[in-house]
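Listed below are the residues making up each chain.
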Amino acid sequence: MLANPSTSATTIFKTPYYAHFPHSKLSLTPNCPRLIRKKSRFRSLSHIFLPTKQSKKFLGIRAFEQPELSDSVASDAVHFSPQPFSVKIPVGDRHILVETGHIGRQASGAVTVTDGETIVYTSVCLADVPSEPSDFFPLFVNYQERFSAAGRTSGGFFKREGRTKDHEVLICRLIDRPLRPTMPKGFYHETQILSWVLSYDGLHSPDSLAVTAAGIAMALSEVPNSKVVAGVRIGLVGDKYIVNPTVKEMEESELDLLLAGTDGAILMIEGYCNFLPEEKLLQAVEVGQDAVRAICNEVEALVKKCGKPKMLDAVKLPPPELYKHVEEIAGDELVKILQIRNKIPRRKAFSSLEEKVLTILTENGYVETDVISGAAETLPDLFEDEDEDEEVVVDGEVDEGDIHIKPTSRKSTPLLYSEVDVKLVFKEVTSKFLRKRIVEGGRRSDGRTSDEIRPINSRCGLLPRAHGSALFTRGETQSLAVATLGDRQMAQRIDILVGEDELKRFYLQYSFPPSSVGEVGRIGGPNRREIGHGVLAERALEPVLPSEDDFPYTIRVESTITESNGSSSMASVCGGCLALQDAGVPLKCSIAGIAMGMVLDTQEFGGDGTPLILSDIIGSEDASGDMDFKVAGNEEGITAFQMDIKVGGITIPVMRKALLQARDGRKHILAEMLKCSPPPSKGLSKYAPLIHIMKVNPEKVNAIIGSGGKKVKSIIEETGVESIDTQDDGIVKITARDLSSLEKSKAIISNLTMVPTVGDIYRNCEIKSIAPYGVFVEIAPGREGLCHISELSSNWLAKAEDAFKVGDRVDVKLIEVNEKGQLRLSRKALLPDTDPESPNLKQQTDGSTKDIVASQKTPGKGSAKKLVNLPKDGLAESAPESTSSEDDALLPQKKFIRRLVNPARDRSNTNKDKSKNSSKAVSSVSSKDENSLVNGEAKVG
């Protein structure tokens, strides 16, 4: 029976289903029997109030108190499902739709967030039993972009999504980093956040939606996080800041900022820009913070309607008195250890001290110094025999007269604690002493002031066979950076949801081996931290790279951390910049990076309460501090930044102070990089490949490729070049290891793509076949023309076979191109005139069997004729070229030498203009062609 018969079932279940199962703490009921010792009640209570090793063993179970429900309510509860809720939240110039209760109803929290036609689904689940306590919250995030969201299928063999891609890993980190500071200490239930892109319209990016969706799902779940978290992207188009800009708007944006925070503070920012000043970046952060605040306020209203109660009872903290005990045992030694400047000796001293504290507090037991002793000597008769019988006494039934309560001695009892609690407390106490030293003493562990940079040393060219190398050392952090140059085939292919796969011509790969910190560890593929640090350094250097037209190489930079004591990603930026310069990459300017830290609450240690900003932090300051703020750029602006907050968040004034102090640090580091010894070579290595760019008629590209790629493969095999890359717009890139093979392939491609012009002269051409009416002559590989029998000789010929045979080589002139593109050649036009007054051409033509002569102008325009000479192997050899007309733009840019033949001896298509240009031979070299061959010195800005 219902308590209120007039209340319908629908009205009853407006109360969420979880409200019938409140979390409850385990406790003894009044009638619960308990075991006590006879005549020693105070001693039995000591088992409750005095912690022991057994009593400190951690036990936590999500316990529910089973309510007493009527039959009708119980039957209805079986068929109950959570009610769906939805809310529209204004973000920028549009709204996002947040829905819960539709999908994933068995998860602790699940939402779908929609922007346009982009939909992100996120769920939060947590384990029923807590994991082993540690100083790291067990949070796992996975983000996946389904190809079906854009109506595509994976291009892999298995036709399904595989391992997490690099850009998905970056979004996982964007979700994880702002949520972790909001988790309370002592909550050890493993928590998993899963996020999928279910629909993508190609216009609204899903990454910022995924951050917001994860924050909302956590707020709706049982996880006891302290604040609602949301994230937005900020773009800058012109002077206008745009919240959650579209993909098209981001193409014109100077800034790509992703910000996450709560309604009152900033927790995480990450972004990239094109030398943006600090003030403009701060304005963007303010715009983003306002947008995040509006989202959080709407979400809090949604949580009040359908959020689940938080598992606050599952939070297990170490005993408060343990902090005092650890300080009493290790305080003096901690002060001394924190004065050790070198990392390894300091780390070993910390480990030794930690073992000492563990031994005392977990094995021997800690004896309080303020306990009064001596009572045991004066009251020996008060102790009873420990072997007395025990009796079970039920509350309310005890006769006080049957139990004689005697005063116990004040003899100290050793206190034992769990190993996990001691380790957690020892780490927090160490952090407290480190912060106290910085604030009170004004000096850090290595003796520096708050804004001082560690000593910097750098050298280039230490690897002779690498295209570019640099070793950058800052204090105890060291990066070995190596730059490698290659062609388009070395580019990194990226799968994207919409459109064709992208090719990255520049990528930086970061690796962090365990030897860099003097430890032993597993070696495998890159982890999420390595991927994130590599992309951060890559984005920092990308704005200073030359365009592909100016420098057609694909560039790879490897940064291997050989020593690490903080700020290794920023060392990769500095080392990568030097390695690129050493490889001959013409950078626009130099880039440096620095990591900033912070002690937020200085008043606790006797300060004035103003946050203390630290420049160039080391590893212990990163672990014990409140902020890790990485900034890269030059003296004028910022190219990349990343900030993680480990407390409740920071405000705009604090961030402004950190950015200005970081700018001063970058200037100092850039000045030190100029002292690099030996300096960067700033020229291409002799081991780097040569790349030549040619422009041909787009209609002739297929002639280079051939059927099924046979022709281009044969050219590569024949000449020995590494690759030949063709584009639809007529751009041809030839990559070779030596100049001779490059020139040979250029000549073949030039002949394949040549555009014959009436008046051109071709030398040493092979007769391919003979017909009754003439011979067919190959003027270029694959290009033949007919030389009619009447044009073969000055004398009359009855048959062509009488004077020529297949395989003979002759000089011919192009005299006509008909409508079908067929070529008509003449040998007679080049034969010497019988007029004795005419100059002899023999001396001009002797020894010219290796010349490649080209001129694209027609004889009617007064230009020189084209003479092409083919050696016996049928391949043209290159020589300098000169072009000066628009017609030349469609032809391959190749080196050649012009040689002129007296037109007076040309028997066809002669005119006065041709005779004007025949007075002398002209030779010139195309300056454009010289620049297209990337070699020699490269200017570095």
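Refer to the preceding data block for the structure.
Residues numbered from 1 in each chain as written. Predicted model: local features only at pLDDT ≥ 70, side-chain atom pairs only at ≥ 80, totals over all residues. Heavy atoms only, no water.

Student: Report on the overall build of the protein chain, specifying residues and quantitative values.
Tutor: For the protein chain, the count of helices and strands is 21 helices and 33 strands. Taken across its 941 residues, the protein chain has 48% of its residues classed as buried. In the protein chain, once contacts between residues fewer than 6 apart in sequence are set aside, the share between residues at least 24 apart is 72%. (Helix = DSSP H or I, 4+ residues; strand = E, 2+ residues; numbered from the N terminus. Buried < 20%, exposed > 50% of the residue type's maximum accessible area, 1.4 Å probe, protein only. Contact = heavy atoms within 4.5 Å.)

Student: Tell me what's going on with unusual backbone geometry, and back it up with residues and numbers.
Tutor: Residues Ser677 and Pro678 are joined by a peptide bond in cis, for which omega reads -5 degrees. Mapped onto the elements of the fold, Pro678 is located in the loop between helix 15 (652-673) and strand 24 (690-695). Of note, the phi angle at Lys682 is positive, near 60 degrees, even though the residue is not glycine. Assignment of secondary structure puts Lys682 in the loop between helix 15 and strand 24. A residue is classified by how much of its surface remains accessible, and Lys682, at 35% relative accessible area, is partly exposed.

Student: Quick rundown of the sheet that holds strand 7 (residues 191-199)? Include the residues and the values.
Tutor: Taken in spatial order, the six strands line up as 2-3-4-5-7-6 in an open sheet, and their pairing is mixed. The sheet is open, and its two borders are formed by strand 2 (85-91) and strand 6 (139-145), each paired with just one other strand. Direction aside, neighbouring strands of the sheet carry axes that sit 20 degrees apart on average. Its contacts with the sheet put helix 4 (residues 166-179) on strand 6 and strand 7, and the angle it makes with strand 6 is roughly 140 degrees. The sheet contacts of helix 5 (residues 207-220) involve strand 3 (94-100), strand 4 (109-115), strand 5 (118-126), strand 6 and strand 7, and relative to strand 5 the element is tilted by about 35 degrees. (Pairing = 2+ DSSP bridges. Axes fitted to C-alpha atoms, helices over the stretch in contact; angles between N-to-C directions.)

Student: Describe the pairing of strand 2, naming the residues involved and giving the relevant values.
Tutor: Bridge count between strand 2 and strand 3: seven bridges; the pairing is antiparallel. If you follow Val91 over to strand 3, its bridge partner there is Arg94. The loop that links strand 2 with its antiparallel partner strand 3 comprises two residues; one of these, Gly92, has a positive phi angle of about 65 degrees.

Student: Would you mind going over the side chain of Thr262 in detail, with residue names and values included?
Tutor: The residue Thr262 is located in the loop between strand 10 (255-261) and strand 11 (266-276) in this model. Apart from residues no more than four positions distant in its own chain, Thr262 is found in contact with Lys227, Val228, Val229, Leu267, Val292 and Cys296.

Student: Account for the packing of aromatic side chains, naming residues and giving values.
Tutor: For the structure shown, the criterion picks out four aromatic pairs. Taking the centre distance of 5.6 Å and the plane angle of 10 degrees together, the rings of Tyr121 and Trp196 count as stacked. Residue Tyr121 is located in strand 5, and its partner Trp196 is located in strand 7; the two are separated by 75 residues in the primary sequence. A relative accessible area of 10% places Tyr121 in the buried class. Relative to Phe776, the ring of Tyr773 has its centre 6.4 Å away and its plane inclined at 85 degrees; by these criteria the two rings are edge-to-face. A cation over a ring is seen here: Arg465 above Tyr687, with NZ or CZ 3.8 Å from the ring centre. (Phe/Tyr/Trp six-rings, centres within 6.5 Å; stacked < 30°, edge-to-face > 60°. Lys NZ or Arg CZ within 6 Å of the ring centre and 35° of its normal.)

Keep in mind that these numbers describe shape and distance, not what the molecule does.
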